[in-house]
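Descriptive structure summary
Chain residues, written in single-letter form:
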Amino acid sequence: MQNYEVLSHIGKGSFGRVSKIRRKADDKELVWKELQYGTMNEKEKQQIVAEVNILRELRHPCIVRYYDRIIDKKATKLYIVMEHCSGGDLASLIRSHAKNKTRADEGFIWKVLGQVVSALKSCHRHREGGEAKPILHRDLKPANILLDRNGNAKLCDFGLATELAGTNKLAQTAGVGTPYYMSPELVNSQRYDERSDIWSVGCIIYELAALRPPFDAPNQLALAVKINEGKFKRLPAVFSDELERTCGWMLRRDISRRPRVEDLERLPHLVLPLREAR
Ligand SMILES: CNC(=O)c1c(C)[nH]c(/C=C2\C(=O)Nc3ccc(Cl)cc32)c1C
């Protein structure tokens, strides 16, 4: 703890408070997520251990970097030290556009989609010791997509991530938020897989364009009905048919008709321009 100085409290992750800190050795600005494990049950403690292990295993430019973990046994607190992203999170950006009655640029939206798909590919296609070991995020939402100082997207908060694909488990949403981004199979506690994360990405990209989620309701029961109906308004006319079609593809109710990361990578807007021949 003495190696860091707390600068400010900047948000709330799953299970804990997020603070901006300074590493005294080199003045580097980082964050830590503070977790009070003394009041956690065994399942929550296992989830925290899983989150740290997953963060340590995943190294990707579009996933917030893990630096360190500190255990304060006296206070029964765990601190996970990670990369600071000065651009904040997409939820704040969406709120700001809605407040100022402005729209996100379509090019930016495609860039965010490309970077999130790239990050998810490193999760869904994770391998360990030559064995496929897919990692599902399971809690993708605008607040869990951060922006660095150059406006590049970074996935964060693997607090509900799991290394088990396809188990018939309902995501235990630790937060109290309304599950706007939950797929039909999770809502109906049916079998799910990596394409449940893709549904959430569809909701996020839709909301970044429309400034409201595709499925909205005053309570969780009404929201579940809307998610199962699967009907949502067309994006504002300023956005291209291709963005509209791509959101519709990710928001297919039938999980087998939804794209996987490789399908999305082939979208023309996501094929990164080849470097000019030198
Ligand atoms: C309005 N939001 C902010 O100002 C903000 C900023 C500048 N950074 C963050 C959050 C994180 C940040 O900068 N790095 C992080 C790593 C892990 C997690 Cl769970 C969260 C963060 C936030 C919420």
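What you see is a predicted model, and the numbers here were worked out from it, not measured in a lab. (Residues numbered from 1 in each chain as written. Predicted model: local features only at pLDDT ≥ 70, side-chain atom pairs only at ≥ 80, totals over all residues. Heavy atoms only, no water.)

**As for the pairing of strand β2 (residues 16-23)**
This is how it is decided: Two strands are counted as paired when DSSP detects at least two bridges linking them. The helix count covers DSSP runs of H or I at least four residues long, the strand count covers runs of E at least two residues long, and both are numbered beginning at the N terminus.
In terms of strand pairing, strand β1 (residues 4-13) meets β2 through eight bridges, oriented antiparallel. Paired with K12 across the bridge in β2 is R17. Adjacent in sequence and paired antiparallel, β1 and β2 are bridged by two residues, among which F15 carries a positive phi angle near 75 degrees. The loop that links β2 with its antiparallel partner strand β3 (residues 28-36) comprises four residues; one of these, D27, has a positive phi angle of about 65 degrees.

**A word on the confidence of the model for the protein chain**
Just so we agree on the cut-off: Each residue gets a pLDDT score, which is the predictor's confidence in that residue and runs from 0 to 100. Working rule for contacts: check all heavy atoms of both residues, and any pair within 4.5 Å makes them a contact.
Mean pLDDT over the protein chain works out to 91, with 92% of the residues at or above the 70 mark. Segment residues 164-175 is flagged for pLDDT under 50; beyond a separation of four residues in sequence, or across chains, it makes 28 contacts in the model. Scoring the predicted complex yields pTM 0.92 and, for the interface, ipTM 0.98.

**Observations concerning the site of the ligand**
Under the convention used in this document: Working definition: residue near molecule or strand if any one of its non-hydrogen atoms lies within 4 Å of it. Each accessible area is a Shrake-Rupley result for a 1.4 Å probe, and residues are judged covered by the shown protein chains and nothing else. Residues are grouped as follows: Ala, Val, Leu, Ile, Met, Phe, Trp, Tyr, Cys and Pro are nonpolar; Asp, Glu, Lys and Arg are charged; all remaining types, including Gly, are polar.
Among the 14 residues in the neighbourhood of the ligand, the closest are listed as E83, C85, D89, S92 and L146. A total of 520 Å² of accessible area belongs to the ligand in isolation, and the protein chains cover 81% of it. Tallied by class, residues from the shell around the ligand come to seven nonpolar, four polar and three charged.

**Quick look at a positive patch on the surface**
Put simply, the rule reads: Nonpolar side chains (Val, Leu, Ile, Met, Phe, Trp, Tyr) within 5 Å and like charges within 9 Å form the patches, drawn only from residues with over 30% relative accessible area and no salt bridge. Just to be clear on terms, a salt bridge is a Lys or Arg side-chain nitrogen sitting within 4 Å of an Asp or Glu carboxyl oxygen. Charge counting treats Lys and Arg as positive and Asp and Glu as negative, with His and both chain ends excluded. Just so you know, the charge point we use is NZ for Lys, CZ for Arg, CG for Asp and CD for Glu.
On the surface, a cluster of positive charge is made up of K28, R59, R65 and R149. Here R149 shows up in the loop between β8 (145-147) and β9 (153-155).

**Quick look at the packing of helix α3 (residues 106-124) against helix α7 (residues 241-250)**
Condition: Fitted lines through C-alpha atoms give the axes, limited to the stretch in contact for helices. The angle between two N-to-C directions lies from 0 to 180 degrees. Helix crossings fall into two classes, left-handed where the near helix is turned counterclockwise from the far one by less than a right angle and right-handed where it is turned clockwise.
Where α3 meets α7, the closest approach of the two axes is 12 Å, and the angle between their N-to-C directions is 30 degrees. In this structure, α3 crosses over α7, and the sense of that crossing is left-handed. Where α3 approaches α7, its residues E106, I109, W110 and L113 are matched on the opposing element by E242, L243, T246 and M250. Residue composition of the contact of α3 with α7, grouped by class: five nonpolar, one polar and two charged.

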